[in-house]
Amino acid sequence: MVGSLKQARIAFVEAPIGRLVNLLVILAVLYVIFILAMKVVGQGPSYFLQILTFGVANGAIYALVALGYTMVYGIIELINFAHGDLFTLGGFISVFLLPIFGLDASKAGTAGIILPLLAVFIVTMLICGAINVSIERVAYRPLRRAPRLAPLITAVGMSFVLEGVMFLWKGPFNVPYPNLLPTTGFVIGGATIGVKDIFVIVVAGILMVVLALFVSRSRLGKAMRATAQDQDATELMGIDINRTIAATFFIGAVLAGAGGTIFGLYYNTMVFDLGFSAGLFAFTAAVFGGIGNIQGAALGGLLIGLITALWDGYMESTWTQVIIFAILILVLVFRPTGLLGMRVPEK
Amino acid sequence: MGNTRRPDDVNRKWEDRMQRRWNTAGAIIAGFAMLATACTSGTGGGGGGTSKGEIIVASDQPTSGGDASDGLPAQNGIQFAVESAGSIKGFKLTFKGWDDTVNGNHDPQKGAQNIQEMIADSKILGMVGPNNSNVARAMIPIANRASFTMISAANTNECLTQTFAYCEADTGTTPAKLRPNGVNNYFRVAAADTFQGPAMADYAYDTLKFTKVAIWSDNETFGKGVADKFSTEFTKKGGTIVVRQDFDTKTTNDWKPFLTDAKNKGAQAVYAGATSGTKICIPRAQMKGILDGPYMVPDGGVNAQCIKDAADNAANLYGTVAAADANQNPDAKATIDAFTKRFPKKEDVGSYTFPALDCANILIEAIGRAIDANGGNMPSREQVRAAVAATKNFKGTTGTYTFDANGDPTSPTMAIFQTKGSPLDWLFVKQFGVGG
């Protein structure tokens with residue numbers, strides 16, 4: 001009796017209010033889109049193109065970091081909070097390697113930087129990969145069969161450890177990163193598209209395509225997908241899941257290391273706690289696109305970069321973070337598994 | 001690495017292993033704890049007393065974090081003043097410094113904890129600091145209940161000493177609330193922010209002849225406040241603010257959309273309301289290739305870190321400092337030379353080194369008068385506070401100081417600096433009295 005009364009009240013009171021709230025949300029979204037569109041039209045196409053360039057370049061870096069989150073989550077359902085700090089560590093390691101490979105500001109913009117820079121990239125990526133594999137071995141593998149919260153907390157702990165190490169190494173100040181890339185650009189439709197922007201987009205794009213091919217075509221990629229679906233069955237098939245998971249951490253960290261190096265080359269500054277905010281947005285990007293989904297992470301990263309640039313360029317930047325998370329909530333309300341959806345393993 | 005695991009064993013093995021791990025973890029944590037306590041066991045103390053006993057002058061500055069580029073030079077000034085005095089009226093003078101940094105940034109709660117530690121030590125009769133206004137806001141009420149004197153060289157937030165209608169809304173407090181026992185214990189030599197933003201606005205409009213400026217701030221009490229005041233004054237003069245943005249600098253890396261917007265709207269220069277801890281000069285590096293023209297900063301950016309962050313675009317920076325430049329005072333030369341001998345490195349000295357040195361000397365001189373007032377004995381903290389409040393025409397390296405009833409200097413000075421030369425450095429442009 002009481003229960004049915006309660007239900008009736010809920011049906012009576014909540015449904016109309018719910019509908020009203022939905023309507024208000026839709027109106028608010030339309031209003032914001034309208035204002036933004038008016039400003040975009042008002043400021044002309046070349047400015048729009050310029051902002052898009054910044055957004056895509058920024059988004060490409062987020063995407064690289066987001067891939068690491070999504071791969072690790074996809075395979076062992078762990079949110080690796082230390083991943084953002086690994087990205088920063090990549091930047092720190094590469095800034096340390098630059099002089100060893102003979103790179104400094106005097107060589108900026110010359111063709112001579114290409115080979116040494118490639119070497120710096122590869123060494124940084126390998127070191128980051130090795131560090132992440134060790135982190136997995138020490139902090140996550142022993143807890144693989146423990147309650148879900150335990151590895152989550154060790155991940156937070158590893159994040160603090162990495163930040164602490166970088167703090168002791170370089171101190172609290174912004175670390176200058178030499179401006180090696182050419183500062184010139186091409187003028188297209190009134191917008192300047194810098195060599196730096198192109199560099200970021202191309203390098204990140206290549207890495208993402210290679211990753212996608214690797215996961216879909218190679219034997220190890222197949223093993224990863226199998227492990228993500230069912231660890232026990234995979235093991236029964238004779239696949240070493242420890243090795244497969246370690247490989248996932250390795251690849252994720254390789255991308256983070258590359259991301260850190262690209263960030264340094266693009267913004268010419270690093271700071272020890274950069275990983276916190278970068279990691280937060282990259283993780284958001286992964287959720288945006290559908291966590292566990294590699295294409296989704298790339299799309300999510302790109303979108304976050306674009307939203308940030310558009311909002312900073314046209315609206316009040318005080319609200320940028322609010323808008324990103326408001327859009328995330330909206331997406332999750334309508335598509336709880338993110339834009340592209342997660343391939344949910346059957347268990 | 002083949003791993004053959006027998007399912008029936010798993011649980012017991014797991015428990016065994018966990019037990020071993022707990023032991024290891026315990027050992028590691030104990031090790032860290034020992035290391036941590038070993039590191040924090042303080043400086044301070046000092047040997048046996050000269051005749052009558054020991055008096056300690058304390059300081060609180062951010063000496064290890066992102067603001068250490070301001071905090072360490074200020075602490076050097078205080079330490080130098082105490083060391084130079086050596087003793088006062090038969091009491092040995094000792095310096096003891098506190099750091100208010102947590103996780104690389106100045107922290108109000110750490111400041112509050114520090115001042116409680118100072119108050120607990122009866123040899124400490126007063127302190128110089130802090131560097132940041134929000135830290136001061138946490139410290140003043142605690143010090144006030146103990147009649148404990150604070151003199152700051154660099155706090156510029158106007159709501160620390162003066163009552164304005166917006167103080168409650170902007171900072172959540174008022175000067176009266178900060179002083180629960182009703183008697184002022186907080187003094188400063190810096191000019192309040194009511195002067196700092198407008199001083200740069202006047203300079204930009206009158207001297208540099210700009211009419212269109214873009215502004216960004218870090219959205220913090222100091223940064224946003226000084227940016228708002230620049231904006232008001234610049235508009236009042238007849239200039240236009242073409243773009244205004246407030247950023248969360250913890251999560252912002254890219255200022256290029258803002259700068260491109262500013263350029264498209266005809267900005268001739270950019271004003272930044274922020275500090276070194278909130279990336280004040282990072283956008284300056286990104287201006288290269290987008291927007292030519294000077295970059296103007298408040299005192300939170302007038303330091304070596306800003307020049308580093310601005311990278312290859314560090315020329316043509318303008319900055320205000322809310323105190324006079326000691327180098328312009330011929331009487332201060334001997335003191336400056338002696339200081340440089342004691343602290344020879346370039347990064348040892350900053351724009352608030354000599355204002356902080358003056359604060360320490362004001363405190364020491366007042367302690368001397370308080371000793372006299374107490375018949376040559378160790379004075380009470382209230383006697384020291386009253387003596388500081390009564391300070392009249394104290395001749396320091398950066399000016400002559402008298403405090404008004406609020407604790408503000410009666411004739412504050414504003415100085416303008418510019419980056420010039422090779423290697424680039426902050427060079428004095430001009431200074432002028434404000435208010436009073």
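Conventions and cut-offs
Residues numbered from 1 in each chain as written. Chains lettered and ligands numbered in written order. Predicted model: local features only at pLDDT ≥ 70, side-chain atom pairs only at ≥ 80, totals over all residues. Heavy atoms only, no water. Helix = DSSP H or I, 4+ residues; strand = E, 2+ residues; numbered from the N terminus. Rg over C-alpha atoms; globule rule 2.2 N^0.38 Å. Buried < 20%, exposed > 50% of the residue type's maximum accessible area, 1.4 Å probe, protein only. Disulfide = S-S within 2.5 Å. Axes fitted to C-alpha atoms, helices over the stretch in contact; angles between N-to-C directions. Parallel < 35°, antiparallel > 145°, perpendicular 65-115°, else oblique. Left-handed = near helix turned anticlockwise from the far one by under 90°. Contact = heavy atoms within 4.5 Å. Nonpolar A, V, L, I, M, F, W, Y, C, P; charged D, E, K, R; others polar. Patch = residues over 30% accessible without salt bridge, like charges linked within 9 Å, V, L, I, M, F, W, Y side chains within 5 Å. Areas by Shrake-Rupley, 256 points an atom, 1.4 Å probe, with all protein chains shown as cover. Salt bridge = Lys/Arg side-chain N within 4 Å of Asp/Glu carboxyl O. Pairing = 2+ DSSP bridges. Right-handed = clockwise from strand over helix to strand, strands pointing away. Polar contact = N/O pair within 3.5 Å; in protein donor to acceptor, adjacent residues only side chain to side chain.

A. Quick look at the overall build of chain A. In terms of regular secondary structure, chain A is built from 12 helices and 4 strands. Radius of gyration (C-alpha) of chain A: 22 Å, near the 20 Å computed for a compact globule of 347 residues. Along the three orthogonal principal directions, the C-alpha set of chain A runs to about 80 × 60 × 40 Å. Relative to its 347 residues, chain A shows a buried fraction of 51%.

B. Summary view of the state of the cysteines. Residues and elements named next belong to chain B. All told, the structure shown has 2 disulfides over all chains when counted by the stated rule. Disulfide partner of C159: C167, at an S-S distance of 2.1 Å. Residues C159 and C167 are joined by a disulfide whose S-S torsion is about -85°; by sign, that bridge is left-handed. Among the residues examined, C167 registers a relative accessible area of 0% and is labelled buried. Between the sulfur of C281 and that of C306 lies a disulfide, 1.9 Å long from S to S. Its torsion about the S-S bond being -70°, the disulfide of C281 and C306 is classed as left-handed. Residue C281 is found in the loop between β11 (269-273) and α10 (282-287), and its partner C306 is found in helix α11 (residues 304-309); the two are separated by 25 residues along the sequence. By relative accessible area, C281 is classed as buried at 0%. The buried category is assigned to C306, whose relative accessible area is 1%. Within chain B, bonded cysteines paired by disulfides and numbered along the sequence follow the pattern 1-2, 3-4.

C. A look at the packing of helix α11 (residues 294-314) of chain A against helix α12 (residues 320-334) of chain A. Residue and element names in this part refer to chain A. Put simply, α11 and α12 touch, their axes get as near as 9 Å, and they point 140° apart. Considering the angle they form, α11 stands oblique to α12. Pair α11 / α12 crosses with right-handed handedness. For the pair α11 and α12, contact is made by I304, I307, T308, W311 and D312 and by T320, I323, I324 and I327, respectively. Of the residues that constitute the contact of α11 with α12, the class distribution is 6 nonpolar, 2 polar and 1 charged.

D. Structural context of a nonpolar patch on the surface. All names here are of chain A. A grouping of L20, L23, L24, I26, L27 and L30 is seen on the molecular surface, where their side chains present a nonpolar patch of about 590 Å² in accessible area. Residue placement: L24 occurs in helix α1 (residues 2-43). Residue L24 is classed as exposed on the basis of its relative accessible area of 51%.

E. Quick look at the environment of L427 of chain B. Residue and element names in this part refer to chain B. In this structure, L427 sits in strand β17 (residues 425-433). Sequence-wise, L427 and L317 are 110 residues apart; in three dimensions their C-alpha atoms are separated by 10 Å. Setting aside anything within four residues of it in sequence, one finds L427 in contact with I416, F417, Q418 and K420.

F. Broad picture of the pairing of β11 of chain B. Residue and element names in this part refer to chain B. The element β11 is extensively covered by neighbouring structure, given that 5 of its 5 residues are classed as buried. What you see with β11 is no split at all: A269, Y271 and G273 on one side and V270 and A272 on the other are buried throughout. As judged from the 5 bridges shared by strand β9 (residues 212-217) and β11, these two strands associate in the parallel manner. Paired with W216 across the two strands is A272, which belongs to β11. Handedness of the crossover is the feature at issue here: the chain leaves β11, passes through α10, returns alongside strand β12 (residues 295-297), and the resulting connection is right-handed.

G. Examining the side chain of T244 of chain A more closely. All names here are of chain A. Assignment of secondary structure puts T244 in helix α9 (residues 241-267). Overall, T244 belongs to the buried group, its relative accessible area being 2%. Aside from chain neighbours lying at most four places away, what touches T244 is I75, L220, A223, M224, T227 and I239.

H. Structural view of the interface of chain B and chain A. Across the contact, 37 residues belong to chain B and 36 residues belong to chain A. Our count for the chain B to chain A interface comes out at 1 salt bridge. For K250 of chain B, the salt bridge is made with D273 of chain A, and the minimal N-O distance between the two is 2.7 Å. In this structure, the connection of chain B to chain A is made through 11 residue pairs in polar contact (both at pLDDT 80 or more). Of all the secondary-structure elements, those providing two or more residues to the side of chain B that touches chain A are α1 (10-40), α2 (68-85), β10 (240-246), α9 (256-264), α10 and α11 of chain B. In terms of residue count, the dominant contributor to the side of chain B that touches chain A is α9 of chain B (6 residues). Here the residues of the side of chain B that touches chain A sort into 9 nonpolar, 17 polar and 11 charged.

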